[in-house]
Structure formats: C-alpha cells, structure tokens
Amino acid sequence: MTQETELLNVYIMGKSYQVPASLTIMNALEYAGYQLVRGCGCRAGFCGACATVYRIKGDYELKVGLACQTKVEPDMYLTQLPFFPAQKAEYNIRELKATAEQIAYYYPEIYRCIGCNACTKICPQDLKVMQYIGYAQRGQIDRCADESFDCVMCGLCASRCPALIVHYNVGILARRLYSRYLVPPAGHLQDRVTEIRSGKFDEDIAMLMTASADELKKRYNERDIEPE
Amino acid sequence: MTYTPQLRELLTRVEATRNKRLQGYFPRLMAAEKEEVLRKFHPDYIEASMRPLQVGVNTGDRVPHELADLLEARSRLENVRLDLEQLQYDVDVLVVGGGGAGAAAALLAQEQGANVLLLTKLRFGDANTVMAQGGIQVADKANDSPAVHYLDVIGGGHFSNVPELVRALTMDAPAALRWLEDLGAMFSKEDDGTMKSIHGGGTSRKRMHFARDYSGAEIMRTLRDEVRNRSLRVVEFCAVVELLLDEGGRAAGAVLYNMETGEYEIARAKTVILATGGSGRLHYQGFPTTNHYGATGDGLIIGYRAGARLAFMDTIQYHPTGAAFPPQILGLLITEKVRGLGAEPVNIDGEQFVHPLETRDVESSAIIREIKDRGKGIVTETGMVGVWLDSPMIEIIHGPGTIERELPAMVRQFNRFGVDIVRDPMLVYPALHYQNGGLLIEENGRTNIENLYVAGECAGGIHGRNRLMGNSLLDIVVFGCRAGRDAGARAAGVRVGKLHLEHVTAYHRQLEANGVLTAGRVAPLLLPRYTHRSR
Ligand SMILES: Cc1cc2nc3c(=O)[nH]c(=O)nc-3n(C[C@H](O)[C@H](O)[C@H](O)COP(=O)(O)OP(=O)(O)OC[C@H]3O[C@@H](n4cnc5c(N)ncnc54)[C@H](O)[C@@H]3O)c2cc1C
Ligand code: FES
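Residues numbered from 1 in each chain as written. Chains lettered and ligands numbered in written order. Predicted model: local features only at pLDDT ≥ 70, side-chain atom pairs only at ≥ 80, totals over all residues. Heavy atoms only, no water.

### Examining the overall build of chain B
Item 1. Each helix and strand counted, chain B has 15 helices and 22 strands in total.
Item 2. For a compact globule of 535 residues, the expected C-alpha radius of gyration is about 24 Å, and chain B comes in at 23 Å, within 12% of that figure.
Item 3. Every one of the 535 residues in chain B was classed for burial, and the buried ones make up 67%.
Item 4. In chain B, the share of contacts with a sequence separation of at least 24, taken over all contacts with a separation of at least 6, comes to 73%.
Item 5. Each charge class in chain B can be summarised by its mean position, and for the 60 positive and 65 negative side chains these summaries are 1 Å apart. (Helix = DSSP H or I, 4+ residues; strand = E, 2+ residues; numbered from the N terminus. Rg over C-alpha atoms; globule rule 2.2 N^0.38 Å. Buried < 20%, exposed > 50% of the residue type's maximum accessible area, 1.4 Å probe, protein only. Contact = heavy atoms within 4.5 Å. Lys, Arg positive; Asp, Glu negative; His and termini not counted. Charge placed at Lys NZ, Arg CZ, Asp CG, Glu CD.)

### Let's talk about the overall build of chain A
Item 1. From N to C terminus, chain A includes 10 helices and 5 strands.
Item 2. In terms of overall dimensions, chain A is more spread out than a globule: its C-alpha atoms have a radius of gyration of 25 Å, far above the 17 Å expected for 228 residues.
Item 3. Taken over the C-alpha atoms alone, chain A extends approximately 75 × 55 × 30 Å along its principal axes.
Item 4. In chain A, which comprises 228 residues, the share counted as buried stands at 52%.
Item 5. The contacts in chain A between residues at least 6 apart in sequence include a share of 57% that link residues at least 24 apart.
Item 6. As presented, chain A carries roughly 10,900 Å² of accessible surface, and 50% of it is formed by carbon and sulfur atoms.
Item 7. Averaging the coordinates of the 26 positive side-chain charges in chain A and doing the same for the 27 negative ones gives two points 7 Å apart. (Areas by Shrake-Rupley, 256 points an atom, 1.4 Å probe, with all protein chains shown as cover.)

### Some thoughts on the site of ligand 1
Residue and element names in this part refer to chain B.
Item 1. Around ligand 1 sit 38 residues in total, of which Thr129, Gly135, Glu457, Ser472 and Leu473 are the nearest.
Item 2. In this structure, an oxygen atom belonging to ligand 1 sits 2.9 Å away from a main-chain N or O atom of asparagine 128.
Item 3. One of the side-chain nitrogen or oxygen atoms of arginine 467 is found 3.0 Å away from a nitrogen atom of ligand 1.
Item 4. For the shell around ligand 1, the secondary structure elements donating two or more residues are α4 (100–111), β10 (238–245), β18 (426–435) and α14 (471–491).
Item 5. Of all the elements, α14 adds the most residues to the shell around ligand 1, at 4 residues.
Item 6. Counted by class, the shell around ligand 1 contains 12 nonpolar, 21 polar and 5 charged residues. (Near = heavy atom within 4 Å. Polar contact = N/O pair within 3.5 Å; in protein donor to acceptor, adjacent residues only side chain to side chain. Nonpolar A, V, L, I, M, F, W, Y, C, P; charged D, E, K, R; others polar.)

### Things to note about the interface of chain B and chain A
Item 1. Across the contact, 89 residues belong to chain B and 76 residues belong to chain A.
Item 2. Contact between chain B and chain A buries roughly 7,600 Å² in total, counting both sides, with carbon and sulfur atoms accounting for 55%.
Item 3. Aspartate 225 of chain B is the partner of arginine 176 of chain A in a salt bridge, and the nearest nitrogen-oxygen pair spans 2.8 Å.
Item 4. Listing elements by their share of the side of chain B that touches chain A, those giving two or more residues are α5 (146–156), α6 (163–182), α7 (215–229) and α13 (408–415) of chain B. (Buried area = accessible area lost by both parts, 1.4 Å probe. Salt bridge = Lys/Arg side-chain N within 4 Å of Asp/Glu carboxyl O.)

### Considerations on the pattern of salt bridges
Residue and element names in this part refer to chain A.
Item 1. Summed over the entire model, instances satisfying the criterion amount to 56 salt bridges over all chains.
Item 2. In this structure, the salt-bridge partner of lysine 200 is glutamate 195, at a minimum N-O distance of 3.5 Å.
Item 3. Under the relative-accessibility criterion, glutamate 195 is labelled partly exposed at 23%.

### Comments concerning the sheet that holds strand β19 (residues 438–440) of chain B
Pairing between the strands of a sheet is mediated by backbone hydrogen bonds and can be parallel or antiparallel.
Residues and elements named next belong to chain B.
Item 1. Here 3 strands make up an open sheet; going across it, the order is β13-β19-β21 and the pairing mixed. Of all the strands in the sheet, just β13 (310–311) and β21 (459–460) have a single pairing partner and so form its edges.
Item 2. Sheet topology places β13 next to β19; 2 bridges connect them, and they run antiparallel. Across the sheet, leucine 310 pairs through a bridge with leucine 439, a residue of β19.
Item 3. Of the strands in this sheet, β13 and β19 touch helix α8 (residues 298–305), which is tilted by about 40 degrees from β19. (Pairing = 2+ DSSP bridges. Axes fitted to C-alpha atoms, helices over the stretch in contact; angles between N-to-C directions.)

### Things to note about α13 of chain B
Item 1. Along α13 of chain B, the positions that sit buried rather than exposed are Ala409, Met410, Val411, Gln413 and Phe414 of chain B.
Item 2. Buried residues belonging to α13 of chain B abut β14 (316–323), α9 (337–340), α12 (402–406) and β18 of chain B.

### A look at the side chain of threonine 222 of chain B
Item 1. By secondary structure assignment, the location of threonine 222 of chain B is in helix α7.
Item 2. Dropping the residues within four chain positions of it, threonine 222 of chain B is found in contact with Ile172 and Arg176 of chain A together with Leu183, Gly184 and Ala185 of chain B.

### Topic: the sheet that holds strand β6 (residues 136–137) of chain B
All names here are of chain B.
Item 1. Spatial strand order, β6-β8-β7: 3 strands in an open sheet with antiparallel pairing. Strands at the two margins of the open sheet, each flanked by one partner only, are β6 and β7 (197–198).
Item 2. By the bridge criterion, 2 bridges tie β6 to strand β8 (residues 208–209) in an arrangement that is antiparallel. When the sheet's bridge partners are listed, isoleucine 136 is paired in β8 with histidine 209.

### Points about the nonpolar core
As a rule of thumb, soluble globular proteins bury nonpolar side chains together.
Item 1. With 174 residues, the main nonpolar core has Leu94, Trp179, Trp388 and Phe414 of chain B as its most contacted residues.
Item 2. The residues touching leucine 94 of chain B, leaving out its near neighbours within four places in the chain, are Leu117, Leu119, Gly253, Ala254, Ala267, Ala269, Thr271, Val272 and Ile273 of chain B. (Core = buried A, V, L, I, M, F, W, Y, C linked by side-chain atoms within 4.5 Å.)

### Digging into the state of the cysteines
Any covalent bond linking the sulfur atoms of two cysteines counts as a disulfide.
Residue and element names in this part refer to chain A.
Item 1. Scanning the entire structure with this criterion turns up 0 disulfides over all chains.
Item 2. Not engaged in a disulfide, the cysteine cysteine 119 finds its nearest cysteine sulfur in cysteine 116; these two sulfurs lie 6.2 Å apart.
Item 3. Relative accessible area serves as the criterion here: at 8%, cysteine 119 is assigned to the buried category.
Item 4. Unpaired in terms of disulfides, cysteine 123 finds its nearest cysteine sulfur in cysteine 154, a separation of 6.5 Å. (Disulfide = S-S within 2.5 Å.)

### Let's talk about the environment of threonine 194 of chain B
Item 1. Secondary-structure assignment places threonine 194 of chain B in the loop between α6 and β7.
Item 2. Note: C-alpha distance between threonine 194 of chain B and glycine 113 of chain B (81 residues apart in sequence) is 34 Å.
Item 3. Apart from the residues within four sequence positions on either side, threonine 194 of chain B is in contact with His188 of chain A together with Lys141 and Lys189 of chain B.
Item 4. In terms of polar contacts, threonine 194 of chain B uses its side chain to reach the side chain of aspartate 192 of chain B, at 2.7 Å.

### Here's the deal with the pairing of strand β12 (residues 264–274) of chain B
Residue and element names in this part refer to chain B.
Item 1. Examined bridge by bridge, strand β4 (residues 89–96) and β12 share 7 bridges and lie parallel to one another. Residue pairing across strands places valine 91 opposite alanine 269, the latter belonging to β12.
Item 2. Strand direction decides the pairing type here: strand β11 (residues 251–258) and β12, joined by 5 bridges, are antiparallel. Paired with valine 255 across the two strands is isoleucine 266, which belongs to β12.
Item 3. As consecutive antiparallel partners, β11 and β12 are separated by 5 residues, and within that stretch glycine 262 has a phi angle of approximately 75 degrees, a positive value.

### A look at the environment of glycine 480 of chain B
All names here are of chain B.
Item 1. Topologically, glycine 480 is positioned in helix α14.
Item 2. In this structure, the C-alpha to C-alpha distance between glycine 480 and valine 454, residues 26 residues apart in sequence, is 8.3 Å.
Item 3. Setting aside anything within four residues of it in sequence, one finds glycine 480 in contact with Ala101, Ala104, Ala105, Ala455 and Asp475.

### Quick notes on the pairing of strand β17 (residues 385–389) of chain B
Residue and element names in this part refer to chain B.
Item 1. Where burial is concerned, most of β17 is hidden: 4 out of the 5 residues are buried.
Item 2. Where strand β15 (residues 345–346) and β17 come together, 2 bridges link them in antiparallel fashion. Counted as the bridge partner of valine 346 is tryptophan 388 from β17.
Item 3. Pairing of strand β16 (residues 378–379) with β17, which is carried by 2 bridges, proceeds in the antiparallel orientation. Note that in β17 the partner of valine 379 across the bridge is valine 385.
Item 4. The antiparallel pairing of β16 with β17 creates a hairpin that spans 5 residues between the two strands, and glycine 383 there sits at a positive phi of about 95 degrees.
Item 5. Taken together, the 3 bridges between β17 and β18 define a ladder with antiparallel strand orientation. Across the sheet, residue leucine 389 finds its bridge partner in β18, namely methionine 426.

By themselves these figures say nothing about function.
This is the structure:
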C-alpha cells in the first residue's frame, strides 16, 4: 500500500470511518476493523451472502449491491442484509408437474405482483426479475428458468417486494421443473449407467489397476486425444 | 479502479507488439524445459516453504509452514470447561460442512433411514462449490469410457493416485451426473437432451459437462434446495472445532462453536462425515486465493488431531491466472477459457514468454519466473506484481463481440471496477486454487479412525499429486454420496460409548514432549483475519 492513497468517509451502520477510496464495501468493513462472520461467503460475486443496502448522503434513493463487488463512495450510509426471513415451499421434485398451476400451488403470491419492477431495479446481477415472475405466472417455465439462471439468491428482490414474492425461490423451482420435466433426459448418460452396471468396463479398469507404473505411463503418453 | 497513468504508459508497449505477436508462434516447452521451470519456480518445489511435521501420524512428512503452524498448534478448547454429557444434539450421522460434498452426503445418509444433522460454519452453500464455473467430468459419450477417464485422472495425478479411489470416481461418474439430472439440475444440453461437453486441461475426450458458466452454483443450488425439501436439519454459523471419540477410539461426535455467540455445544453421533473443503485462505507463501472465505483447512486440523492420516499435503494447485489488479478482486479466478480463446501472457516489455496453454503448473511457474527471476513483472500501486494477459487479442482473432459473448461473467467482474477487458489486457498472477491432498480415505470415504468419514476437497488420495479441472465437482458428488450411504447404513449398528477428548490432551502432551513451540497458536482457524488491512 502506498501512503498517498486517497481516503474517503463512509458510515457503517451510521458510524463514520475513513477508508481508502479504492476498496470494495467488503474490504472497507474489514479495513474499519470488522471481523466479518455473516455477510461474507465467496468474496467473488457467486454466493449472494453479502447483499448490502446503502444511501448516499443528501440523496433519498436507497441503493443496493453485493459488498464484495461494489466500490465505496464518499458519504455512503451502508448496512448489510445478512439474512432475509423468506418462505420456501417444501416439495418432492419427483411428484410435480411442470405447469403454472404447480408453481402457483406453492407460491400463489406471484399473482399479486403489482408490476412495480422494484425487484428488477434492485437486482445486483442485472436480471429481469419481474419478467421471470411474469413467465412463471404464464407457465412459460423454460423462459423463467433461462431468465433466472444467473441468480445468486442474495434476497434483495424479496426484501423490496410489496407483494411479498420470494422471487429466487420461484426461480429455482422453475429451473428444477424445467430441467427434470421439460428437457429430455440424456439418453447416452442413462445408457452408460446401464453399461457400467452390466460390468462392461470391469475388465478394462481391473487391467489398468494392476498395470505396472511403466505400463501406465506408456499407455498415458500414447493415448489418442480427441481433436478440438 | 482504472489503470493508473503509469500502467497506461506500460500498456502502450503491449499494444506495440500485439500485431507482431499475432503473426508469430510461441513454441511450447520441451519436456526438459518444463521440468526445469517447475523445479526452479513452482511454489511446491521451494524447499524453504515447507517443513516436516513433528507430531501425529504423519510425523516427518513435509507440509507448507502455514499448515504446519496450525497442525502444530493447541486446541481452542484448552481452557474451556465443557460437560461432554450435556448433549445439544444426539443424531445418527453428523455431517460437517455445507458445500457440495456435505449436501450430497446428508441426502444419501438420510435415504438410509438415518437421523442426520448438517452443520456449517457460514451459510449453507457459502463454499468453494458455488464458485466453480468450468464444469464436471463424466465419461458418458460414445467415444469415451470410464477406463479412458481413469487413465486421464491417474496420468494427471502423476501416477500417484490411489487406484481404488480412481475406479470409484470414474465408474460412479455417470450415475452421479444422472442423479443430478434427475434432481433437476440445469446442465447445458442440446435440444434432444444430449449433454454438451467440451475439453478441459488434461482430458483426452470432450467430457467436461457444464451448466453455462455457473456449474458449481447450479449443483449447489439444486442440492441445497433438495436438502431443504427433505426437512433435513441444518445449522448454519456453527463450526466444528474438535472431534469427540468414545472409549473404543471411534469417532462419536464433535464439539461445536456458535460463530455468533461464542458458545460451545456438544453433538453426539454414531458416524461423522467431514466435508469441510479446502485451505486456500491459509495463503500459503503469501499467495492470493480463488477460494471462499471459510477455506481454512479446519477439517484437516481436527481430523489429524484425532489420529486420521493425511496424504499429499505437500502439493497444492495454483491457478496461473488469478487477478492481480484491480486490488478489489485480487485472486479472482480468470478462467482458462481466456487463454483458450487466444489471450497471451505478456511481460512488462510487451514480450510473450510462454505458450498460453501449458498445463496449470507449468504456466504458473513460467509467470513466476518472468517476475522473480527475470524482473519483467508489472508492479502496481499496492505493490502487487503481475504480468499482462492480453485479452484484446481475442477480438482480433475471433472477431469483435467475442469477449462479450463468450466471457460475460468476466466482463462484468472487471467492468465493475473500471477495467474494460475488451480494450485493455488484464494483470494476472498465480493464485492458490485447490488442495490436492487431504485426509486419506478408502472407497467409501472411511478413514483410519473408525466411524470417521471424509468427503470432498478435505479428502486425499483421489487426485494424487494433481487434480484435473472438472474432477473435483465430480468427486464431491461421488464420494459425498458414497460416504453418506455408508455412514448412514453403518450408523444403525453403532453403539456409542462414553465421549471424551483424551486425544486432544495426548496431542498437547506430544507437542510438549517433542519440544514444539506453539507460540500461542490455536487451531482450527475458522476464519482468516483481514481486519485493518487495506485490501
Ligand atoms: C473459483 C473456483 C473455481 C473452481 N472451478 C472448478 C471447476 O470448474 N470444476 C471442478 O471440478 N472444480 C472446480 N473447483 C474446485 C471445486 O469447486 C471444489 O474443490 C469443491 O467444490 C469442494 O467441495 P467441498 O464440498 O469439498 O467443499 P466446499 O464446497 O468448500 O464446502 C466446504 C464447507 O465446509 C464448511 N466448513 C469449513 N470448515 C468448517 C468447520 N470447521 N465447521 C463447519 N463447517 C465448516 C464451509 O463453510 C463450507 O460450507 C473450483 C474451485 C474454486 C474455488
Ligand atoms: S461474498 Fe459471495 S457474492 Fe459477495
């Protein structure tokens, strides 16, 4: 760290701290002396543990971001949202139908969407959240699965929803329904499982397991490689 | 943070040589050259980076100092008063760790009729599993077979892998993927259901299956959802700090630590499965890491103290291209695909110094050599050094728009901090990526301690001295399921005796008898300390 690093002021849960301007919110919390326990997981934008709500002094608008992916700004009032008490339906994925009714059975509140689009505006992954809830309402499960795919389940959408929808739980139900019921299973995969059970490869494997080190090396170095 | 004027100035040298480099061809290293660069520059070969252990079953074996410091440390429970009869939990199977291996183990154990408890230090799913982008290897295509896969795995591991474990890995792989498919994990497929699959480092067939570039996240989300659907008991922010044994020397539970209230609790169990993952956050030799916040090798410490054997702990996998700039994303994994598409590593003078597609260990070593030996690295404001990875080449080779289309996650990650990888190269340095070794297991995840199982990155032997990409997402499912099934079935016949911590006392005595200075160190670490640091 060079000495001349520019510092700026942030308010962590209302308290003022001077932190280097180049830091992420997560690094700023640590720089200020917090040993994070909640609100920190992958540190790389994949797990959704670090949802953060903030407002810049003088501005009324509430903003959000993933703490590990968002830079500090001057006079930022920030707090983390380490947990959101969202409802998740319990279901047996093997006994469902891939229909709008099925989703509505578990999450009837999706029809209470008032179209405010707050979920889409808040999504740190830039997903069209309201759109995918719309797909779920209309039983377009493939599109719902596709549109919700990059979701990190941080919970911010649900925290803003006036209709109390838990978008990310709808998203995962749609993805699981889509993958299990609407896409054909991979025939080659099932065939291979059957072949293995029938003992087709036992001999080949046994031979490799008992081969001498030199024999293995030779085979390895001479193995043919599928072209790109 | 965009590139500073000094770095911008240096960038002109990269731009100046780009056309010439595009026309030239940089040869791959010959076998002898590879050996030399590895021997001289691979972090594993630095004699002074490791030391032989002075206590425990692996006495005499060399491990990195940072790990040795924790293995040769005292228990967190030394001055804690505990009543081991005061049971907070009394279950059949205790699963420790909420990544992919833990989730798979818990599901399979419950299917055997066992009463299962899953504990995890952070949130359920905050784990290395969720970060895996690349994919999972399975030999399910017509031109492939478990035997072909076997040869790749064992060659990749420099022929040091435990054969029975490689057999289990490769023969169970199709059933493991079929299980995930059946649970509704959204793998990338053709319209007729055929799985898409591509090559990965060290594969002889295109058997890398993926779920867009969120492969691990998709596996984790699905397994977690399934665990929640089956009313399986999960306790978050609850770390295991010590195993409990019974009079028979069998694993019989654990001491738990509430990460938020600081209280200790006792769990009794008939079988215990450690699935605590890797140790990138120990920052061996000061390297940045791609791993999640909780990757502090806790399972290795508590397992070893209870007498379980470690294997291959002297070999670590470094990923050649972790981000070296901007500082906010230090260590962030820059996928191999960037080099696959043609981006070359380039030094401060704009010269290429290694073929972009050498194996991970060779590529990493060549980057380290360029910086440490030849002094041709680029020093950033924070003191971090790296080399350029010339991403704009991709657009020239494959046409404009390629980067945006093929590497959307990467573009997003860098854009957030003001670096446009379409226009400008990235700065990279090798990062600690994967723990090749771990606690030694047999085919069903059993260890040398009765009723103690290990699964996932915490386990050792499957990958020998080097894991190939795509085989660890596979191993967490295969061995998570195997350990869960075996531990769940076995629990029915186990009678737990009186719980004790005598192994811990004995370990402390051994430390003292051998004159090991623990200098106030306690372990496991649970979380790294980053407070008051500037990055
Ligand atoms: C960035 C990145 C990319 C990767 N890409 C790929 C890829 O493309 N293909 C591939 O095959 N592999 C890949 N890997 C490797 C692979 O993802 C991991 O090896 C694998 O997911 C590990 O799974 P696991 O369940 O063993 O451990 P983890 O998923 O790390 O889970 C460990 C769990 O244990 C918990 N825990 C730790 N200590 C304690 C304690 N004391 N008490 C209680 N709980 C504890 C943790 O919090 C965590 O929940 C990648 C890894 C990383 C980091
Ligand atoms: S810590 Fe995982 S998304 Fe920020």
